[in-house]
Amino acid sequence: MNPDNPDRINFRKRPQQERSIQRVDAILSVAAALIAEKGVSAMKMTELATVAAIPIGSVYQYFPDKAAIVRALLERHSSRIRQKVGEAFAFVASLDHAIELVCTMIDWYYREFRSDPAYIGVWLGTDIDRDILQLNIQHSNRVAEIFLESIRPFLPAESRIDLEARTQLFSHLIGASIRFAIVSEDEMALRMLYELKQVIHVTLLAEPAQ
């Protein structure tokens, strides 16, 4: 993947008609299956076209580079997560309630994506491509913003927490921790997530040391 051309991670042509939308969905479905089987690096555009029974020219009509396919899949996962987070934090009642919701979201995140073999392949693919990695960071920051806005009304006026920095940090760490858990044995994964939630209870909204 060549990170010197940002256009390579964008749709070359966004599908408008139903037939085009179905074709793009077919490409992404096959890409997800191939990534789940062999990872992003090993997936080839020619193989993707063959398995999807779509001419290679049609694949390139929509996706200029493999990275654009990874981005499209990443955005599907990211949008799903942000929608769930937005729904969960729409009615926060207190800071303690917000912390409990974070822990509930960790459990949902783990359950939802542990059974999705394409998910981890796509997310691991973000680590080998600078442009896609930046999108992952932007996603984490948007999740942090949702949480931040939900708790602002409950923060004491004298709070010394740099909340923007802390919520962005925790958003990224939580996502990385859950992905680590997803590729671990289930028993250990649950133990690690339990410890993660204990850390969150103690530190996420703790005032900084003097």
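Residues take numbers from 1 onward in each chain, read along the sequence in its written order. Restriction of local features to residues with pLDDT of at least 70 applies here, the model being predicted, together with a cutoff of 80 or more for giving and counting side-chain atom pairs; totals for whole chains, interfaces and linings are based on all residues. Processing note: side-chain calculations cover all non-hydrogen atoms of the structure and skip hydrogens and water entirely.

(A) Geometry of the pattern of salt bridges. Any carboxyl oxygen of Asp or Glu within 4 Å of a side-chain nitrogen of Lys or Arg constitutes a salt bridge here. Taken as a whole and assessed by the stated rule, the structure comprises 7 salt bridges. The closest approach of N and O atoms between E47 and K38, which form a salt bridge, is 2.8 Å. Partly exposed describes any residue whose relative accessible area lies between the buried limit of under 20% and the exposed limit of over 50%, with all areas from a 1.4 Å probe on protein chains only and scaled to the type maximum. When its relative accessible area of 24% is taken as the criterion, E47 is described as partly exposed. Judged by relative accessible area, K38 falls into the partly exposed class, the value being 34%.

(B) Broad picture of the confidence of the model for the protein. Per residue, pLDDT captures the predictor's confidence, and it can take any value from 0 to 100. Overall, the prediction assigns the protein a mean pLDDT of 87, with 89% of residues at 70 or greater. The numbering of helices and of strands both runs from the N terminus, where a helix is a DSSP run of H or I of at least 4 residues and a strand a run of E of at least 2. Put simply, helix 6 (residues 117-126) is where the protein has its lowest mean pLDDT, 75, and helix 9 (residues 186-203) is where it has its highest, 97. We call two residues in contact when some of their heavy atoms are within 4.5 Å. When the criterion is pLDDT under 50, residues 1-6 qualifies, and its contacts beyond four places in sequence or with other chains add up to 14 contacts.

(C) How the structure looks around the environment of R82. Tracing the sequence through the fold places R82 in helix 4 (residues 66-88). When near neighbours in sequence (up to four residues on either side) are disregarded, R82 contacts H139, R142, V143 and I146. A polar contact of 3.0 Å, which involves the side chain of R82, links it to the side chain of H139. Definition of a polar contact: a pair of N or O atoms within 3.5 Å, with one able to donate and the other able to accept a hydrogen when the atoms are protein atoms, and with sequence-neighbouring residues admitted only if both atoms are side-chain atoms.

(D) Broad picture of the packing of aromatic side chains. Aromatic pairing here means that ring centres of Phe, Tyr or Trp (its six-membered ring) are within 6.5 Å. Orientation follows from the plane angle: under 30 degrees is stacked, over 60 is edge-to-face, and everything else is tilted. For the structure on display, the rule yields 3 aromatic pairs. With 5.5 Å between their ring centres and 90° between their planes, F89 and F147 make a pair best called edge-to-face. Remark: F147 occurs in helix 7 (residues 130-151) and F89 occurs in the loop between helix 4 and helix 5 (95-114); sequence separation between them is 58 residues. The two residues F89 and F147 agree in class, both being buried. A centroid spacing of 5.6 Å and a plane angle of 75° characterise the contact between Y109 and F113, whose relative ring orientation is edge-to-face.

(E) Broad picture of the side chain of S184. Along the chain, S184 turns up in the loop between helix 8 (163-182) and helix 9. Taking the relative accessible area as the measure of exposure, S184 reaches 14% and is therefore buried. Other than its neighbours up to four places away in sequence, S184 contacts R114, A189 and M192.

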